[in-house]
Amino acid sequence: MEQANSVVLYQQRQSAVVAALRAVLPAHCILYQEEDTRPYECDGLAAYRQLPMIVTLPESEAQVIAVLHVCRTMQVPIVPRGAGTGLSGGAMPIVDGVVVSTAKLNKILKVDAFSRTAVVQPGVRNLAISDAVGPLGLYYAPDPSSQIACTIGGNVAENSGGVHCLKYGLTVHNVLRVRAVTIEGEIIELGNGALDAPGLDLLAVFIGSEGMLGIVTEVTVKLVPKPQTARVIMASFDDVVKGGNAVANVIAAGIIPAGLEMMDKTSSRMVEPYVKAGYDIDAEAILLCESDGTPEEVEEEINRMSAVLQEAGATAISVSQSEEERLRFWSGRKNAFPAAGRISPDYYCMDGTIPRKNLAQVLIGIAAMEVKYGMRCANVFHAGDGNLHPLILFDANQPGEFETAEAFGAEILELCVAVGGTITGEHGVGIEKIGSMCVQFSPQELAAFWSVKRAFDPEVLFNPDKAIPSLHRCAEYGRMHVKKGQLKFPELSRF
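Worth saying up front: this structure is predicted, and the values here are computed from it rather than measured.

1. Considering the pattern of salt bridges
On inspection of all chains with the given rule, the structure shows 22 salt bridges. Put simply, Glu41 and Arg38 hold a salt bridge, and the shortest N to O gap is 2.8 Å. Owing to a relative accessible area of 10%, Glu41 belongs among the buried residues under this scheme. You can call Arg38 partly exposed: its relative accessible area is 35%. Measuring nitrogen to oxygen at the nearest pair gives 2.8 Å for the salt bridge that ties Glu411 to Lys372. On the criterion of sequence distance, the pair formed by Glu411 in helix H14 (residues 401–418) and Lys372 in helix H13 (residues 359–373) is long-range, its members being 39 residues apart. You can call Glu411 buried: its relative accessible area is 9%. Overlapping salt bridges, with partners in common, bring together Glu61, Arg177, Arg179, Glu189 and Glu218 in one network.

2. Let's talk about the nonpolar core
Of all hydrophobic cores here, the largest spans 66 residues; its most connected members are Ile233, Phe237, Leu287, Leu309, Tyr348, Ile392 and Phe408. The dominant element in this core, judged by the number of residues it contributes, is H14, at nine residues. Ignoring any residue separated from it by four or fewer positions in sequence, one finds Tyr348 in contact with Leu45, Tyr48, Pro390, Leu391, Ile392, Phe394, Ala405, Glu406 and Glu432. Counting 24 residues, the second-largest nonpolar core is a separate cluster that includes Val178, Leu203, Val221 and Phe456.

3. Some words on the sheet that holds strand S2 (residues 54–56)
Pairing is mixed in the open sheet, where four strands are placed in the order S1-S2-S4-S3. Here the strands that pair on one side only, and so sit at the sheet edges, are strand S1 (30–31) and strand S3 (78–81). Taken together, the four bridges between S3 and strand S4 (residues 98–101) define a ladder with parallel strand orientation. Pairing of Ile78 across the sheet is with Val98, part of S4.

4. Re helix H11 (residues 323–334)
With 12 residues, H11 extends 16 Å between its outermost C-alpha atoms, agreeing within 8% with the 16 Å of an ideal straight helix rising 1.5 Å per residue. Glu325, Arg326, Phe329, Trp330, Ser331, Gly332 and Arg333 are the residues of H11 that are buried.

5. With respect to a nonpolar patch on the surface
Together, Leu200, Leu202, Val205 and Val452 make up a nonpolar patch on the protein surface, roughly 340 Å² of accessible area in all. As for its position among the elements, Leu202 is in helix H7 (residues 202–206).

6. A short note on the packing of helix H8 (residues 240–252) against helix H10 (residues 295–311)
Relative orientation of the contacting elements H8 and H10 amounts to 140 degrees, with a least axis distance of 9 Å. Here H10 runs oblique to H8, going by the angle between their axes. Classified by chirality, the crossing of H10 by H8 is right-handed. Listed contacts from H10 to Ala246, Asn249 and Val250 of H8 are Met305, Val308 and Leu309.

7. Thoughts on the sheet that holds strand S17 (residues 377–382)
Overall, antiparallel pairing links the seven strands, which are arranged S15-S12-S14-S13-S17-S18-S16 in an open sheet. Of all the strands in the sheet, just strand S15 (316–319) and strand S16 (346–349) have a single pairing partner and so form its edges. When the angles between neighbouring strand axes are averaged without regard to direction, this sheet yields 15 degrees. Where strand S12 (residues 229–237) and S15 come together, four bridges link them in antiparallel fashion. Considered in S15, the bridge of Ala235 is made with Ile317. In the packing of H11 onto the sheet, contacts are made with S12, strand S13 (259–264), strand S14 (285–293), S15, S17 and strand S18 (387–394), and the angle to S12 comes to roughly 50 degrees. Packing of H13 onto the sheet brings it into contact with S13, S17 and S18, and relative to S17 it is tilted by some 160 degrees.

8. Let's talk about the environment of Val205
Residue placement: Val205 occurs in helix H7. Sequence separation between Val205 and Cys416 is 211 residues; the distance between their C-alpha atoms is 23 Å.

9. A closer look at the environment of Leu327
In this structure, Leu327 sits in helix H11. Leu327 gets classed as partly exposed once you look at its relative accessible area, which sits at 48%. For the pair Leu327 and Ala277, spaced 50 residues apart in the sequence, the C-alpha separation amounts to 8.8 Å.

10. So, the environment of Gly82
Counting through the fold element by element, Gly82 comes out in the loop between S3 and S4. Remark: the alpha-carbon pair of Gly82 and Ser236, spanning 154 residues in sequence, is separated by 38 Å. The residues touching Gly82, leaving out its near neighbours within four places in the chain, are Ser101, Thr102 and Thr151.

11. Regarding the packing of aromatic side chains
Counted by the stated rule, this structure contains seven aromatic pairs. On the basis of an interplanar angle of 65 degrees and a centroid distance of 5.9 Å, the ring pair of Tyr348 and Phe402 is categorised as edge-to-face. Of this pair, Tyr348 sits in strand S16 while Phe402 sits in helix H14; the two residues are 54 residues apart in sequence, bridging distant segments of the chain. Tyr348 sits in the buried class, given a relative accessible area of 4%. Residue classification places Phe402 among the buried residues on the basis of a relative accessible area of 15%. On the numbers, 5.1 Å between centres and 15 degrees between planes, the contact of Tyr373 with Phe408 is stacked. Of the two residues, Tyr373 sits in helix H13 while Phe408 sits in helix H14, which places them 35 residues apart along the sequence. Just as Tyr373 is buried, Phe408 falls in that class too. Through a chain of ring-to-ring contacts, the aromatic side chains of Tyr48, Tyr348, Phe394 and Phe402 assemble into a single cluster.

Cut-offs and rules
- Residues numbered from 1 in each chain as written.
- Predicted model: local features only at pLDDT ≥ 70, side-chain atom pairs only at ≥ 80, totals over all residues.
- Heavy atoms only, no water.
- Salt bridge = Lys/Arg side-chain N within 4 Å of Asp/Glu carboxyl O.
- Buried < 20%, exposed > 50% of the residue type's maximum accessible area, 1.4 Å probe, protein only.
- Helix = DSSP H or I, 4+ residues; strand = E, 2+ residues; numbered from the N terminus.
- Core = buried A, V, L, I, M, F, W, Y, C linked by side-chain atoms within 4.5 Å.
- Contact = heavy atoms within 4.5 Å.
- Pairing = 2+ DSSP bridges.
- Expected span 1.5 Å × (residues − 1).
- Patch = residues over 30% accessible without salt bridge, like charges linked within 9 Å, V, L, I, M, F, W, Y side chains within 5 Å.
- Areas by Shrake-Rupley, 256 points an atom, 1.4 Å probe, with all protein chains shown as cover.
- Axes fitted to C-alpha atoms, helices over the stretch in contact; angles between N-to-C directions.
- Parallel < 35°, antiparallel > 145°, perpendicular 65-115°, else oblique.
- Left-handed = near helix turned anticlockwise from the far one by under 90°.
- Phe/Tyr/Trp six-rings, centres within 6.5 Å; stacked < 30°, edge-to-face > 60°.

As structure tokens, this is what we get:
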């Protein structure tokens, strides 16, 4: 009887919110039937799912404001959503909430070749910007592996990077201005077209805030000139420790490659049959080091990097001789995630960041965890900035395997914190790493995060229960670890 009453109350609530939304949105912009909302039940982290109560697809900024007014008036939680390619559950719906998709806000509003900027709506795909400005000799630098599908609004929410982030930076380094709507329906503009803006740097606060502060409606991005040429070194190592040390040696030599990526043997053997990139599948580790610029600059830098890699113990070095070969070398790294599906029913992708000098130490630690948990782990890294993406391979059809993979991933993040790193580099916290936040941050730090959140969203309607854990949740997380005998960080007892 109680369950039946809950269903009735849910349906009544849903009907009331749909009726209010129909007053401000066209009917085709509101989805509430199960077959229509099912595609929105998760983001790229498909292990966590929740059917949304309602999905809205506003077609203008005015409609976004109207939707937020309805939700605030009726005290309905809001989950902003881009393309749904995120990997931390940040866009997973809330059972009694409204998903606000920015997919239909997909116009490139202005391109200024002189100032090298573009003004775009949040639903514009990452790669579409480069495609549009390519004839002008320009492109948008951040290039996450999902760039063919992910959108700029989502990139802003997660502060996305990519394989070229070492030289060209993350989203925060390539955005000049964000226009957004607050929970009160107020339009705010953070940053401006200049290199700096007066006052507090709220632009940097907003970028990476995971949909917890407002909804993006417009973004001004930087564009950079296409380099005259680019070439990639593919270096093989017979030991992951040598490969990890080689990364630190390249940076220590004063070289900042356009891209510096690392893959272990499991990853190389996983992707090579899929893309035929020409990887050395017998190597324990492979480094991809890219140089771009003028032909003379690239030639000099390639020679310098080759010398450092050879001194670090590289067993083989290949240098791309054409643009086609360069793209082929990168194709393996960029297709690591889909390639995992060829050798495992499921995979769980982690996202920790560590000091570069600790790469080898963490790789050894992950290898020990593979034995402990009885699971394989394919490691791909943005090695230049220490951003790790271990892919834990498992079978969700086998009882208990996902829980084991979760424990494996949590221990990887604990190791990242232990060596002076952090629990995320670019995927965000979402719901996936919210327990790990308790490991890294003190109650005082979490309280400060909540203060920022409430300054933008006093009623906590934007993406509640994501990214920032409550102290109660941290206490529960600590008790769970104690019960399982897994409490490695005494700091958890502070909760």
